[in-house]
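Chain by chain, the residues:
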Amino acid sequence: MPETLTERVSLALARVRNARTGADLLTSEMVRDIATTTGGRVRFTLLLDAADEATLVRDAREAVERLDGVTDVRVDVKDPSSYRGTPAFPKGAGASPAAAAQLPSAPPASSRALPVMNATPEPKRVPAPTPVAYPNLGRIIAVSSGKGGVGKSTVAVNLALALANAGARVGIMDADIYGPNLPLMLGVDAAPPVRDEKIVPLEAFGIKIMSLGFLIEKEQPAIWRGPIVMKIITQFLRDVDWGTLDYFIVDMPPGTGDAQLSLVQATNVSGAIIVTTPQQVAIGDALRGVKMFERVAVPVLGIVENMSWFENPETGKPIAMFGSGGGQRLADEVGLPLLGQIPLDPRVQEGGDTGRPIVVAAPELKAAQALTRLAERVRSEITARLG
Ligand SMILES: Nc1ncnc2c1ncn2[C@@H]1O[C@H](COP(=O)(O)OP(=O)(O)O)[C@@H](O)[C@H]1O
Ligand SMILES: [Mg+2]
């Protein structure tokens, strides 16, 4: 059979139906830029309208994953209105296996928008849309970091729980749509019910939770770009039945990309918290994070230094695993308070991996106490700044 992988991928996608329109993904021209490598890697763009189900991304990927010889599938989700790539059925080289085989090093040719991994987002002009106020959400706090793996989600989750422990009504949303952590960290994972056309957030330990992880598969997240990120964030703010909250915590993806801009364009963020580790590299990244929020006029409440030290279990003495004083240096440099220092403790990680966050599971631990103090500090900073 002379069928190429690109052709087989097209055929597989032609069997996936969009329930909203009744048409398949190929006929309805939702699929573009199919690219394959001889090693079985497949990438394609899915043009997802705001009205379409996000689960279509999963359906499309699963259909391709089932094909013989496919080793990896990446879906680049884009908004149809902003898409300026190749037409659905390109003539000539566009979809030929020869061109596709060069995928990893293919230059970003003229109008052809290949889904380039790890591409730096184009600089954008801010502000774009007018932010909408959601007074029912209370104070909106973005937990951000320049770099991944510094403990942003850990801080976001435990901060939310510590605020709730102190009697506040708290919601938390995963804006880290590239790697949603909240389902695992809070031990909840189910399709949220829909009631009166609103999504009902899941609940755990007394806080309300919404994550893209509830709606799509987690193992191989799609690459969400531009307006689609904005739509997901807007839907999470507007179409989720949050009720009345005092604090709304947003777990941001690392860096200064689409999600950060989308959030500040979608609503009025009360304040941002930047998480860093004492290491110099993380500090440099965090500095860029601070600058970004300043540019879009979101007050940065302060810096949180995570994994500050490790307490030697035998001597009780602190060991600086990642250097020391980095958080303070960063805070001094940008003229912001150091809101807290959270020690490194394997039980923090365990709590995160098992859906039992340390603030509720082991409040007596020093790390948990540091997180609880952080929550008090955040509360007082917000009140001091905003009343
Ligand atoms: N203070 C800490 N002590 C021990 N492990 C931690 C601590 N903070 C975070 N971790 C672990 O480090 C990893 C990365 O943390 P995470 O919150 O997912 O980072 P991010 O959201 O910034 O990518 C996770 O496994 C988490 O459990
Ligand atoms: Mg995270």
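Residue numbers here run from 1 along each chain, matching the order of that chain's written sequence. Chains and ligands are labelled by the order in which they are written, letters from A for the one and numbers from 1 for the other. Confidence filtering applies because this is a predicted model: local features only for residues at pLDDT of at least 70, side-chain atom pairs given and counted only at 80 or more, and all residues used for totals across whole chains, interfaces and linings. Hydrogens and water molecules were not included; the side-chain quantities draw on all heavy atoms of the structure.

(A) A look at the pattern of salt bridges. We define a salt bridge as a contact between a side-chain nitrogen of Lys or Arg and a carboxyl oxygen of Asp or Glu at a distance within 4 Å. Applying the stated criterion across every chain yields a total of 15 salt bridges. The shortest N-O distance in the salt bridge between D52 and R20 comes to 2.5 Å. In this pair, D52 is assigned in the loop between β2 (41–47) and α2 (55–65) and R20 in the loop between α1 (5–14) and β1 (31–36), connecting sequence segments 32 residues apart. Of the charged contacts, one joins R58 and D59 as a salt bridge, the two residues approaching to 3.9 Å between their closest N and O atoms. Every helix listed is a DSSP run of H or I at least four residues long, and every strand listed is a run of E at least two residues long, numbered separately from the N terminus.

(B) The coordination of the magnesium ion (ligand 2), seen in detail. Water is not part of the atom set, so a site may look incomplete; the donors themselves are N, O and S atoms within 2.8 Å of the metal, or 3.2 Å for Na, K and Ca. In this structure, S153 (OG) and N181 (OD1) serve as the protein donors to the magnesium ion (ligand 2), at separations of 2.1 Å. Here S153 is found in helix α4 (residues 152–165), whereas its partner N181 is found in the loop between β5 (170–174) and α5 (182–186), with 28 residues between them in sequence. Throughout, exposure labels follow a simple rule: accessible area from a 1.4 Å probe, protein chains only, divided by the maximum for the residue type, with under 20% read as buried, over 50% as exposed, and the rest as partly exposed. Of the residues examined, N181 reaches a relative accessible area of 28% and is grouped as partly exposed.

(C) Quick peek at α2. Within the sequence span of α2, burial applies to L56, V57, A60, R61, A63 and V64. All buried residues of α2 fall inside an arc of 160 degrees around its axis, so they share one side. It is the directions from the helix axis to the C-beta atoms that the arc portrays.

(D) Looking closely at the site of ligand 1. The near set for a molecule or strand comprises every residue that places at least one heavy atom within 4 Å of it. Taken together, 16 residues lie near ligand 1, and G149, K152, S153, T154 and N306 sit nearest. P343 places a polar main-chain atom, nitrogen or oxygen, 2.9 Å from a nitrogen atom of ligand 1. One of the backbone N or O atoms of D345 is found 3.0 Å from a nitrogen atom in ligand 1. Relative to its unbound accessible area of 560 Å², ligand 1 is 85% covered by the protein chains. The set of elements that each furnish at least two residues to the shell around ligand 1 consists of α4, β13 (300–311), β15 (338–344) and α10 (346–353). We define a polar contact as two N or O atoms separated by no more than 3.5 Å, with the added condition that, inside protein, one atom must be a possible hydrogen donor and the other a possible acceptor, whereas residues neighbouring each other in sequence contribute only through side-chain atom pairs. Computed by Shrake-Rupley with a 1.4 Å probe, the accessible areas treat only the displayed protein chains as cover when residues are assessed.

(E) Local environment of the environment of M307. Tracing the chain through its elements places M307 in strand β13. Sequence separation of M307 and A320 is 13 residues, and the distance between their C-alpha atoms is 8.8 Å. Contact between two residues is taken to exist if any of their heavy atoms lie within 4.5 Å; hydrogens are not considered. When neighbours within four sequence positions are excluded, M307 is seen to be in contact with G149, V150, G151, P278, F322, I342, P343 and L344.

(F) Representation of the pairing of β15 in the model. Burial within β15 is extensive, with five of its seven residues counted as buried. As paired elements, β13 and β15 share five bridges and run parallel to each other. If you follow I303 over to β15, its bridge partner there is L338. Two strands qualify as a pair provided DSSP detects at least 2 bridges between them.

(G) Here's a closer look at the packing of aromatic side chains. Ring geometry is summarised as follows: Phe, Tyr and Trp rings, the Trp one being its six-membered ring, pair when their centres sit within 6.5 Å, and such pairs are stacked at plane angles under 30 degrees, edge-to-face over 60 and tilted between the two. Applying the stated criterion across every chain, the model contains one aromatic pair. Here the aromatic rings of W242 and F248 are separated by 4.8 Å at their centres, their planes lie at 80 degrees, and the arrangement is edge-to-face. Exposure remark for W242: the relative accessible area of 1% places this residue in the buried category. Taking relative accessible area as the criterion, F248 reaches 0% and is therefore assigned buried.

(H) Structural detail: the confidence of the model for the chain. Summary of the metric used: pLDDT quantifies the predictor's per-residue confidence within the range 0 to 100. Looking at the chain, pLDDT values average 83 and 86% of them are 70 or higher. Across the chain, element-level confidence peaks in helix α11 (residues 358–361) with a mean pLDDT of 98 and bottoms out in helix α3 (residues 97–101) with 38.

(I) Structural view of empty space enclosed by the protein. Grid points spaced at 1 Å and placed over the protein atoms alone form the basis of the search, with a cavity being a set where a 1.4 Å probe fits but cannot get out and a pocket an open set showing protein on both sides within 12 Å along at least five of seven lines. Lining residues have an atom within 4 Å of a point. Grid points are joined across faces, edges and corners, and a volume is the space filled by probe spheres set on the points. For the coordinates displayed, the defined rule picks out one cavity of 30 Å³ or more. Estimated volume of the largest cavity: approximately 40 Å³. T154, V157, N158, M185, V348, G351, G352, P357 and I358 are the residues that line the largest cavity. When contributions to the lining of the largest cavity are tallied by element, the ones reaching two or more residues are α4 and α10. Under the scheme applied, nonpolar residues are Ala, Val, Leu, Ile, Met, Phe, Trp, Tyr, Cys and Pro; charged residues are Asp, Glu, Lys and Arg; polar residues are all the others, including Gly. Along the lines of polarity and charge, the residues of the lining of the largest cavity split into five nonpolar, four polar and no charged.

(J) Main features of the nonpolar core. To qualify as a nonpolar core, a set must consist of buried Ala, Val, Leu, Ile, Met, Phe, Trp, Tyr and Cys residues joined through side-chain atoms within 4.5 Å. Core analysis: the biggest nonpolar cluster contains 117 residues, and F44, I172, M173 and I249 have the highest contact counts within it. Counting residues per element, this core draws most heavily on α4, at nine residues.

(K) Looking closely at the side chain of D174. Within the fold, D174 resides in strand β5. We score Asp and Glu as negative and Lys and Arg as positive, and we do not count His or the chain ends. K152 is the oppositely charged side chain nearest to the buried, salt-bridge-free D174, at an N-O distance of 7.2 Å. Polar side-chain contacts of D174 include one of 3.1 Å to the backbone nitrogen of L182. When neighbours within four sequence positions are excluded, D174 is seen to be in contact with P180, N181, L182, P183, M210, S211, L212, F236 and D251.

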